[in-house]
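Commentary on secondary and tertiary structure
For reference, the chains in residue letters:
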Amino acid sequence: MTVHEVGVDAVPNDGVLLDVREPGEWHAGHAPQAVHIPLGELIDRVDDVPDGDPVYVVCKVGGRSAHAAAWLNSIGRSAVNVSGGMESWDSAGLPMVSETGEQPFVA
């Protein structure tokens, strides 16, 4: 299945952004508006994915999020992979927050 991809600059401010990275990566730094569901929990927590058309899926560089987006599309959800992931997000200077109180970074 082909997954549609967009760059970080194409993610709308009011779009649903789903971060599928592991907890340690999330705690280090993430987009402030993102919803966190690690890839390994996505099947069990799909009902926790906010309704959005489409859902923009992000990970560190784009591999895990491509898998998540493909799966979401296969079950009838509309999902788009964010190419370059959080590394591109950070490089573009887009806002990030951490759960640690420290300066956010991409882990």
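Preceding block: the structure.
Residues numbered from 1 in each chain as written. Predicted model: local features only at pLDDT ≥ 70, side-chain atom pairs only at ≥ 80, totals over all residues. Heavy atoms only, no water.

1. Structural notes on the nonpolar core
- Core analysis: the biggest nonpolar cluster contains 16 residues, and Leu-18, Val-20, Leu-42, Val-49, Val-55, Val-57 and Leu-72 have the highest contact counts within it.
- Elements supplying a minimum of two residues to this core: strand S2 (16–19), strand S4 (55–58) and helix H2 (63–74).
- Ranked by residue count, the leading element in this core is H2, at four residues.
- Once residues lying within four places of it in the same chain are set aside, the contact partners of Val-55 are Val-16, Leu-18, Val-49, Pro-50, Arg-77, Ser-78, Ala-79 and Val-80.
- Judged by nonpolar contacts, the second largest core, of 15 residues, contains Leu-17, Tyr-56, Met-96 and Val-106. (Core = buried A, V, L, I, M, F, W, Y, C linked by side-chain atoms within 4.5 Å. Buried < 20%, exposed > 50% of the residue type's maximum accessible area, 1.4 Å probe, protein only. Helix = DSSP H or I, 4+ residues; strand = E, 2+ residues; numbered from the N terminus. Contact = heavy atoms within 4.5 Å.)

2. Describing the pattern of salt bridges
- Taken as a whole, this structure holds six salt bridges when the rule is applied.
- In this structure, Arg-77 and Asp-51 form a salt bridge, with 3.8 Å as the shortest nitrogen-oxygen distance. One end of the pair, Arg-77, is in the loop between H2 and strand S5 (79–82); the other, Asp-51, is in the loop between strand S3 (35–36) and S4, with 26 residues separating them in the sequence.
- Asp-51 sits in the exposed class, given a relative accessible area of 71%.
- The shortest N-O distance in the salt bridge between Lys-60 and Glu-87 comes to 3.9 Å. With Lys-60 in the loop between S4 and H2 and Glu-87 in helix H3 (residues 85–91), this residue pair connects regions lying 27 residues apart in the sequence.
- Taking relative accessible area as the criterion, Lys-60 reaches 26% and is therefore assigned partly exposed.
- Taken together, the salt bridges that share partners define one network made up of Glu-41, Arg-45 and Asp-48. (Salt bridge = Lys/Arg side-chain N within 4 Å of Asp/Glu carboxyl O.)

3. Brief notes about the sheet that holds S2
- Strand order in this open sheet of five strands is S1-S5-S4-S2-S3, and the pairing throughout is parallel. Of all the strands in the sheet, just strand S1 (5–6) and S3 have a single pairing partner and so form its edges.
- Of the strand pairs in this sheet, S4 and S5 are connected by three bridges, and their pairing is parallel. Bridging from a neighbouring strand, Tyr-56 pairs with Val-80 of S5. (Pairing = 2+ DSSP bridges.)

4. What to know about the environment of Val-35
- Structurally, the position occupied by Val-35 is in strand S3.
- For the pair Val-35 and Asp-48, spaced 13 residues apart in sequence, the C-alpha to C-alpha distance is 9.0 Å.
- Apart from residues lying up to four places away in sequence, Val-35 is in contact with Leu-17, Leu-18, Asp-19, Trp-26, Asp-48 and Pro-50.

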